[in-house]
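Chain by chain, the residues:
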Amino acid sequence: MVIADRLAAYVSDVYGHPGSHPGIAVLLATYFFAFQIYCDFSAYSDIAIGAAQVMGFRLMDNFNRPYFSKTIAEFWSRWHISLSTWFRDYLYIPLGGNRCAKSRWLLNLLIVFIVSGLWHGAAWTYIIWGALHGLYLMLEILTGPFRKAASRKIRLDCHPHIHKFIQVFITFHLVCLSWIFFRADSLHDAVMLLKSLFLNFIPSLRPQAIVQAVTQVETRDGGLFMAFAVIAFMEIIHLMQRHRKMRRFMDDKPLIVRWAVYYAIVLSILLFGVVDSPFEFIYFQF
């Protein structure tokens, strides 16, 4: 919540005035929104999971480091897991899943993701967001053999860390592209943002435009350094949890260490949180 609210002001400023910002500002705001919606929704889910556990109920995890996914299919196995499994069980499988002709399988995927867009709201922006993810998955399936052959041809599979980085990089930016439609207030705003990003991006790399974009962030609750610092801190925690949950890690520590960490977390929230933030959980609207 601290991270999401800290990023929300800049995102709202850029997306609220889509024709008034250079491409570099739109790119920065889109990156920030990707982490804003993740932190916001992840926190929302964690509060529900924790509150349920206090009362003796164990709920499924809803996120699993989604921005480290190598493919869109993997992303959807890590993002909003409860909704993804619901659509799989109650829509994708009844439609036939992948146990049918390939063309029907691809159509099933597209239908599921268009419906998932409509689930978020009856607006073209949400429909396009869902359709984009459906198209991403269709392209992944259709180009799978070619991509594997290309990796072998250029010997990229001999460098698994570089290969993984490229896959994660591409997947993250495809997801970010779809977030533009999800966050934009209208289809017209989304088009304006895309124009700034793709048609006016090179001119926005002028030092003056970069300074302007950075200055806009710097005027907001700690600025660019704080925004990147909190994101980096979160990703470090994610990397630490690859093999072991942080809660399990803390359970092994002496009582005094555990409580020192707990108090440090509470103090950090008080110091760095945007206490008077006007922004609600994003998913309250759905």
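Scroll up for the structure.
A quick note: this is a predicted structure, and the numbers were derived from the prediction, not measured.

Give a detailed account of helix α6 (residues 124-153), specifying residues and quantitative values.
Along an α-helix, residues three or four apart share an orientation, since each turn contains 3.6 residues. Taking 1.5 Å per residue as the helical rise, α6 with its 30 residues ought to reach 44 Å, and the 41 Å between its terminal C-alpha atoms agrees with that figure. At T143, α6 is deflected by roughly 55°, the largest bend along its length, and proline P145 occurs up to four residues later in sequence. Just beyond α6, the residue with positive phi is R155, at close to 60°.

An account of the packing of aromatic side chains is needed here, citing residue identities and associated values.
To describe a pair of aromatic rings, one takes the distance between the centres and the angle between the planes. Per the counting criterion, the structure on display carries 30 aromatic pairs. Arranged with centres 5.3 Å apart and planes meeting at 85°, the rings of Y67 and F172 form a pair that is edge-to-face. Of this pair, Y67 sits in the loop between α2 (23-54) and α3 (72-78) while F172 sits in helix α7 (residues 160-183), and the two are 105 residues apart along the sequence. Judged by its relative accessible area of 9%, Y67 is buried.

Quick one: what's the story with the nonpolar core, residue by residue and with numbers?
One finds F32, I37, Y67, W79, W179 and F182 to be the most contacted residues of the largest nonpolar core, which totals 61 residues. It is α2 that contributes the most residues to this core, 13 residues altogether. Excluding residues within four positions of it along the chain, I37 makes contact with S42, Y67, W79, W179, F182, I282 and Y283.

An account of the packing of α2 against α7 is requested, with residue identities and associated values reported.
Their axes nearest at 9 Å, the elements α2 and α7 cross at an angle of 85°. One way to sum up the angle between α2 and α7 is to call them roughly perpendicular. In contact with T30, Y31, F33, A34, F35 and I37 of α2, α7 contributes F172, H173, C176, W179, I180, F182 and R183. Here the residues of the contact of α2 with α7 are counted per class, giving 10 nonpolar, 2 polar and 1 charged.

Talk me through a nonpolar patch on the surface; I want residue IDs and the actual numbers.
On the surface, L255, I256, V257, W259, V261, Y262, Y263, I265 and I269 cluster together into a nonpolar patch covering about 890 Å² of accessible area. Here V261 shows up in helix α12 (residues 255-272).

Please give an account of the layout of surface pockets that cites residues and values.
Reported here for the largest pocket is a volume of approximately 2200 Å³. In terms of residue class, the lining of the largest pocket is made up of 26 nonpolar, 9 polar and 10 charged.

Which residues make up the pattern of salt bridges, and what values do they have?
In total, this model carries 6 salt bridges according to the counting rule given. Close ionic contact of K70 with E74 constitutes a salt bridge, the shortest N to O distance being 3.6 Å. Note on K70: relative accessible area 31%, which makes it partly exposed. Of the charged contacts, one joins R88 and D89 as a salt bridge, the two residues approaching to 2.9 Å between their closest N and O atoms. Accessibility expressed as a relative area gives 41% for R88, which makes it partly exposed. Look at D89 and you get partly exposed, because its relative accessible area is 35%.

What counts as what
- Residues numbered from 1 in each chain as written.
- Predicted model: local features only at pLDDT ≥ 70, side-chain atom pairs only at ≥ 80, totals over all residues.
- Heavy atoms only, no water.
- Helix = DSSP H or I, 4+ residues; strand = E, 2+ residues; numbered from the N terminus.
- Expected span 1.5 Å × (residues − 1).
- Bend = angle between axes of the 7 residues up to and from the residue.
- Phe/Tyr/Trp six-rings, centres within 6.5 Å; stacked < 30°, edge-to-face > 60°.
- Buried < 20%, exposed > 50% of the residue type's maximum accessible area, 1.4 Å probe, protein only.
- Core = buried A, V, L, I, M, F, W, Y, C linked by side-chain atoms within 4.5 Å.
- Contact = heavy atoms within 4.5 Å.
- Axes fitted to C-alpha atoms, helices over the stretch in contact; angles between N-to-C directions.
- Parallel < 35°, antiparallel > 145°, perpendicular 65-115°, else oblique.
- Nonpolar A, V, L, I, M, F, W, Y, C, P; charged D, E, K, R; others polar.
- Patch = residues over 30% accessible without salt bridge, like charges linked within 9 Å, V, L, I, M, F, W, Y side chains within 5 Å.
- Areas by Shrake-Rupley, 256 points an atom, 1.4 Å probe, with all protein chains shown as cover.
- Salt bridge = Lys/Arg side-chain N within 4 Å of Asp/Glu carboxyl O.
- 1 Å grid on protein atoms, 1.4 Å probe; cavity = no way out; pocket = protein on both sides within 12 Å on 5 of 7 lines; lining within 4 Å.
- Points joined across faces, edges and corners; volume = space filled by probe spheres on them.

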